[in-house]
Amino acid sequence: MIHKDLADFAEKKFGQNFLKNNTYIHKIIQSMPDDSLKVAEIGPGLGDLTKELVKVRNVTAFEVDKRLCEHLNSEFKEAIHNGRFELRCGDVLERWESGKLLDEPYHLVANLPYYIATNIILKALKDEHCRSILVMIQKEVAEKFAAKAGEKAFSALSVLADTAGSASICFEVEPEAFIPPPKVTSAVLLIEKNETRDDEGFEAFLRVAFAQPRKKLSKNLTARFPKALVAETFIQQGLDSNLRPHEVGTSMYHHLYNALKDNLDEREPKQRRSKARSANTEKQKT
């Protein structure tokens, strides 16, 4: 039986904040793509959102908290019996090791724990069976996924989301809608996919490009690519060498990657080498 004081019941290690506001739950349902595909829900918690999902879709939920698994199996006994609901207990990331969360096309709909939200979204972007991502996450993170080139929030996450499809913020949710209330504002992010790419090289390239967002993009890239080649590539692509990372669009990042990827400097960046030398110096002193 669930403890009456949900704030005490919530497990910090699982990042549990239970959404207990029906207005927002219904707004999430209304924001779902209009089709009949199965829904995958990660972290159903007490099942408040799940109750509405099973009214309109077949749902497969993934829950890591064994206490909640017992509650959900009891709460959704009828839906389990009639095939509307399936509960899989355990770490959802282990399931993704196979590359696909479900063995059929699906939409991801979830109120995600903040600490794991970015990782889950990136997994879903790479999952060819995932058709869309509709998730409640920290507003700041949602903005990074949904930002457009030229906006200060535009980041490597923006490029990855834009590569896969179209990302937008549906609405914001204040902390008071949750038990216990988080310390930040949340937002519901929708990514409608039209492509699935799994390119670790491109992701690594973006980490270099956005390593220091306030610096020039060309400066960031010369940390891992030959300076002369970076300068030549910028000229060929008609890019101003003074541009910051957030000022360059998604398609241009793909052009830059294709032009530079075969010339990665395998040496450690100077900044990392400097830190390593400092650490070694401190060890010698002790």
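The coordinates are above.
Scope of this entry: the structure provided in the associated data block.

Conventions adopted
Residues numbered from 1 in each chain as written. Predicted model: local features only at pLDDT ≥ 70, side-chain atom pairs only at ≥ 80, totals over all residues. Heavy atoms only, no water. Helix = DSSP H or I, 4+ residues; strand = E, 2+ residues; numbered from the N terminus. Buried < 20%, exposed > 50% of the residue type's maximum accessible area, 1.4 Å probe, protein only. Contact = heavy atoms within 4.5 Å. Core = buried A, V, L, I, M, F, W, Y, C linked by side-chain atoms within 4.5 Å. Phe/Tyr/Trp six-rings, centres within 6.5 Å; stacked < 30°, edge-to-face > 60°. Lys NZ or Arg CZ within 6 Å of the ring centre and 35° of its normal. Pairing = 2+ DSSP bridges. Axes fitted to C-alpha atoms, helices over the stretch in contact; angles between N-to-C directions. Disulfide = S-S within 2.5 Å. Patch = residues over 30% accessible without salt bridge, like charges linked within 9 Å, V, L, I, M, F, W, Y side chains within 5 Å. Areas by Shrake-Rupley, 256 points an atom, 1.4 Å probe, with all protein chains shown as cover. Salt bridge = Lys/Arg side-chain N within 4 Å of Asp/Glu carboxyl O. Lys, Arg positive; Asp, Glu negative; His and termini not counted. Charge placed at Lys NZ, Arg CZ, Asp CG, Glu CD. Arc of directions from axis to C-beta. Polar contact = N/O pair within 3.5 Å; in protein donor to acceptor, adjacent residues only side chain to side chain.

Below, the discussion takes up the overall build of the protein chain. Scanning the protein chain for helices and strands turns up 14 helices and nine strands. Looking at the protein chain as a whole, 47% of its 286 residues are labelled buried. Once local pairs closer than 6 in sequence are excluded, the contacts in the protein chain between residues at least 24 apart make up 69%.

Ranked by internal contacts, the top residues of the largest apolar core, which has 59 residues, are L108, I121, F145, L189, F205, L221 and Y253. In terms of residue count, the dominant contributor to this core is helix α7 (residues 114–126) (seven residues). In contact with L108, other than residues within four places in its own chain, are A40, I42, I120, A124, C130, S132, I133, L134 and V135. Judged by nonpolar contacts, the second largest core, of 27 residues, contains I25, L72, M136 and F178.

This paragraph deals with helix α3 (residues 48–56). Looking only at α3, the buried set comprises L49, T50, E52, L53 and V54. Summarising the contacts, the buried residues of α3 are in contact with α2 (22–30), β2 (38–42), β3 (59–63), β4 (85–89) and β5 (106–111).

Moving on to the packing of aromatic side chains. The geometry of two aromatic rings is summed up by the distance between their centres and the angle between their planes. Tallied over the entire structure, the rule returns eight aromatic pairs. An aromatic cluster of at least three residues, connected via ring pairs, comprises F202, F205, F225 and Y257. Across from the ring centre of F171, 4.4 Å away, lies the NZ or CZ of K27, which sits over that ring. Looking at R197, its charged tip hangs above the ring of F202, at a distance of 5.8 Å from the centre.

Right, let's talk about the sheet that holds strand β7 (residues 165–173) for a bit. With mixed pairing, the seven strands of this open sheet are ordered in space as β4-β3-β2-β5-β6-β9-β7. Looking at which strands have only one partner, the edges of the open sheet turn out to be β4 and β7. Averaged over all pairs of adjacent strands, the angle between their axes in this sheet comes to 20°, without regard to strand direction. One ladder, built from three bridges, connects β2 with β5; its direction is parallel. Within β5, the position partnered with K38 by the bridge is Y106. In the packing of helix α4 (residues 66–75) onto the sheet, contacts are made with β3 and β4, and the angle to β4 comes to roughly 165°. Set on the sheet, α7 makes contact with β2, β5, β6 (130–138) and β9 (186–193); between it and β6 the angle comes to about 165°.

Turning next to the state of the cysteines. As enumerated under the stated definition, the model contains one disulfide in all. Here C69 pairs with C89 through a disulfide, and the sulfurs are 2.2 Å apart. Torsion about the S-S bond of the C69 and C89 cystine: about -135°, corresponding to left-handed handedness. Of the two residues, C69 sits in helix α4 while C89 sits in strand β4, which places them 20 residues apart along the sequence.

Counting buried residues along β9, seven of its eight residues qualify, which places the element largely inside the surrounding structure. Pairing geometry for β6 and β9, over seven bridges, is antiparallel. Bridged to I137 within β9 is A187. Bridging between β7 and β9 involves eight bridges; their strand directions are antiparallel. For V173, the partnering residue across the bridge sits in β9 and is S186.

Judged by side-chain charge, K215, K216, K219, K227 and R244 come together as a positively charged surface patch. Along the chain, K215 falls in the loop between α10 (200–209) and α11 (217–221). Exposure remark for K215: the relative accessible area of 36% places this residue in the partly exposed category.

Restricting attention to buried positions, one finds in α2 the residues Y24, I25, I28 and I29. What you see down the axis of α2 is that its buried residues fit within an arc of 145°, all on one side. Facing away from the buried side of α2 by more than 90 degrees, the exposed set consists of T23 and Q30. Along its buried surface, α2 packs onto β1 (18–19), α3, β5, β6, β7 and β9. Where α2 begins, one side-chain oxygen reaches toward the backbone nitrogen of T23, 3.0 Å away; that side chain belongs to N21.

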